[in-house]
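The primary structure of each chain is shown beneath.
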Amino acid sequence: MAIASSETGPAANYHGTALSQSRQTRLYVEPEPLRWQEMEALRYYYQAIRPTIKIETGASPVHPQVHHKLYNALSFICIVAAQNITQLRKTHLNFTQPGQDTALMGLWATYHNYAARYIRQINMWIHQEDTRAFGGIMYLAGLDMQLNLLCWQAHMNGYLALVQHLGGVQAVLIATEVRTPAANMHSVTIDLFDTLRDLDLNSWIDQKKWGNFTAGRNLAELYQVATGLYGILSLPQAAVAAAAAAAGHGAESSFVAYHKMRTTYSLKLTALLKKIQPVLREPSVLVWALAVAGVGATSQDTRDQHWIAQQLFVCWLTGDDSFGPISCRNKLRAFWQSGKTAWDDCFDEPIAIVT
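Read on for an overview of the structure.

Here is what the cut-offs are and how they apply
- Residues numbered from 1 in each chain as written.
- Predicted model: local features only at pLDDT ≥ 70, side-chain atom pairs only at ≥ 80, totals over all residues.
- Heavy atoms only, no water.
- Core = buried A, V, L, I, M, F, W, Y, C linked by side-chain atoms within 4.5 Å.
- Buried < 20%, exposed > 50% of the residue type's maximum accessible area, 1.4 Å probe, protein only.
- Helix = DSSP H or I, 4+ residues; strand = E, 2+ residues; numbered from the N terminus.
- Contact = heavy atoms within 4.5 Å.
- Salt bridge = Lys/Arg side-chain N within 4 Å of Asp/Glu carboxyl O.
- Axes fitted to C-alpha atoms, helices over the stretch in contact; angles between N-to-C directions.
- Parallel < 35°, antiparallel > 145°, perpendicular 65-115°, else oblique.
- Left-handed = near helix turned anticlockwise from the far one by under 90°.
- Nonpolar A, V, L, I, M, F, W, Y, C, P; charged D, E, K, R; others polar.
- Disulfide = S-S within 2.5 Å.
- Phe/Tyr/Trp six-rings, centres within 6.5 Å; stacked < 30°, edge-to-face > 60°.

Ranked by size, the top nonpolar core spans 46 residues in total, and within it Leu269, Leu273, Ile308 and Phe347 carry the most contacts. The element contributing the most residues to this core is helix α12 (residues 254–276), with eight residues. Excluding residues within four positions of it along the chain, Leu273 makes contact with Leu222, Leu286, Ala289, Leu290, Ala293 and Trp307. In this structure, Tyr45, Leu74, Tyr114 and Ala133 belong to the second largest nonpolar core, which totals 30 residues.

A word on the pattern of salt bridges. This model, assessed by the stated rule, comprises seven salt bridges. One salt bridge in this structure joins Lys268 and Glu221, with 3.8 Å as the shortest N-O distance. Of this pair, Lys268 sits in helix α12 while Glu221 is found in helix α10 (residues 216–234), placing the two residues 47 residues apart along the sequence. You can call Lys268 partly exposed: its relative accessible area is 41%.

With that settled, consider the packing of helix α5 (residues 132–146) against helix α6 (residues 152–165). The interhelical angle for the contact between α5 and α6, taken along N-to-C directions, is 165 degrees, at an axis separation of 8 Å. Between α5 and α6, the crossing angle belongs to the class labelled roughly antiparallel. The crossing of α5 and α6 is left-handed. Of the residues in α6, those touching α5 at Ala133, Phe134, Ile137, Met138, Leu140, Ala141, Asp144 and Met145 are Trp152, His155, Met156, Gly158, Tyr159, Leu162 and Val163. When the residues that make up the contact of α5 with α6 are grouped by side-chain class, the tally is 12 nonpolar, two polar and one charged.

Another aspect to go through is the state of the cysteines. Tallied over the full model, the rule gives zero disulfides. Of the cysteine sulfurs around Cys328, a residue in no disulfide, the closest is that of Cys346, at 7.7 Å. According to the relative accessible area criterion, Cys328 is buried, its value standing at 0%. Overall, the relative accessible area of 2% leaves Cys346 in the buried class.

The subject of this paragraph is the environment of Thr298. Position of Thr298 relative to the elements: it lies in the loop between α13 (287–296) and α14 (302–318). Residue classification places Thr298 among the partly exposed positions, given a relative accessible area of 26%. Taking C-alpha positions, Thr298 is 9.2 Å from Gln337, a pair spaced 39 residues apart along the chain. Not counting residues within four places of it along the chain, the set of residues in contact with Thr298 comprises Arg262, Gln305, Phe335, Trp336, Lys340 and Thr341.

Mapped onto the secondary structure, Pro51 falls in the loop between α2 (34–49) and α3 (73–91). A residue is classified by how much of its surface remains accessible, and Pro51, at 56% relative accessible area, is exposed. Setting aside its immediate chain neighbours within four residues, Pro51 contacts Tyr45 and Tyr46.

To continue, consider the packing of aromatic side chains. Taken as a whole and judged by the stated rule, the model has nine aromatic pairs. Arranged with centres 6.3 Å apart and planes meeting at 80 degrees, the rings of Phe193 and Tyr265 form a pair that is edge-to-face. Here the residue Phe193 occupies a position in helix α8 (residues 182–197), and Tyr265 occupies one in helix α12, the gap between them amounting to 72 residues. Neither Phe193 nor Tyr265 differs from the other in exposure class; each is buried. Ring geometry for Tyr230 against Trp343: centres 5.0 Å apart, planes inclined by 85 degrees, an arrangement best described as edge-to-face. With Tyr230 in helix α10 and Trp343 in helix α16 (residues 343–346), this residue pair connects regions lying 113 residues apart in the sequence. Judged by relative accessible area, Tyr230 falls into the partly exposed class, the value being 29%. Members of the aromatic cluster, joined through ring pairs, are Tyr223, Tyr230, Trp288, Trp343 and Phe347.

In structure tokens form, the structure reads like this:
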């Protein structure tokens, strides 16, 4: 069974992309010996990547574990090539795809060459039923997200197919829609919001060893509120209204109770984002919360919407993240203009950051 086959299977599009781009650009690169390319990747990592890595808790970036039994030179070369492409795109505000910018052709050729070789390695693991295949597929999916290539969805399908092939968790493989009775959904939603509200942030911070992390409590509170708002935006409105009434947000109609709760959470999340953003070393940790705040900000001042869009751009420009922040910003801008309010109205297709 070849999940990441270069000829068939969910990841075939990935390898097909590499081949088609080579044909389009008429660029044929003789692959360098693996060891030489690995040394070049290590040199670039230490000179250009590691000095720029920002870890919010202040920890030092790790060194590549080249002697570890799970280290793989092909995946490391792909990661470094993807990071090189990402940084050049950011420097020049370049949003092009492979084959559209001649300045990046060499880097794309290197990336596709070693990604194809890594796919062959993954296929060998799959045939051997080696669990390293899971990590390999996730690496490829992550790199596609970083480079804004749509094939990450195919890799995730391949991952689930591999789980099925190996007899993994059956719940992941359920293809039919599971419907929860409305009354039960109300009860579940009430319990969810009660649990979220009663969460002991101090214990959670201690568990994460964030005691010496200056912004630790603010960040914990921010994600507590962001999770609540995400529930409000994505769960059935009637169930959220029941939770709102149970939490004392009003005994009015379900419509009014829902919007009171939504407004309360939305304004609080935006305020927390503005409070914590100036003190963070790595703003990309806020991307998901910014996306949630953006959907919740439909009735807020347009200045809040502009600020959220601006911060998503900053997250993309200054972080080591994927194209997700830019994709979220573009979706939110169209969403705010549409007059719609639901989560699925905004994110109507898979985007790595929010999927």
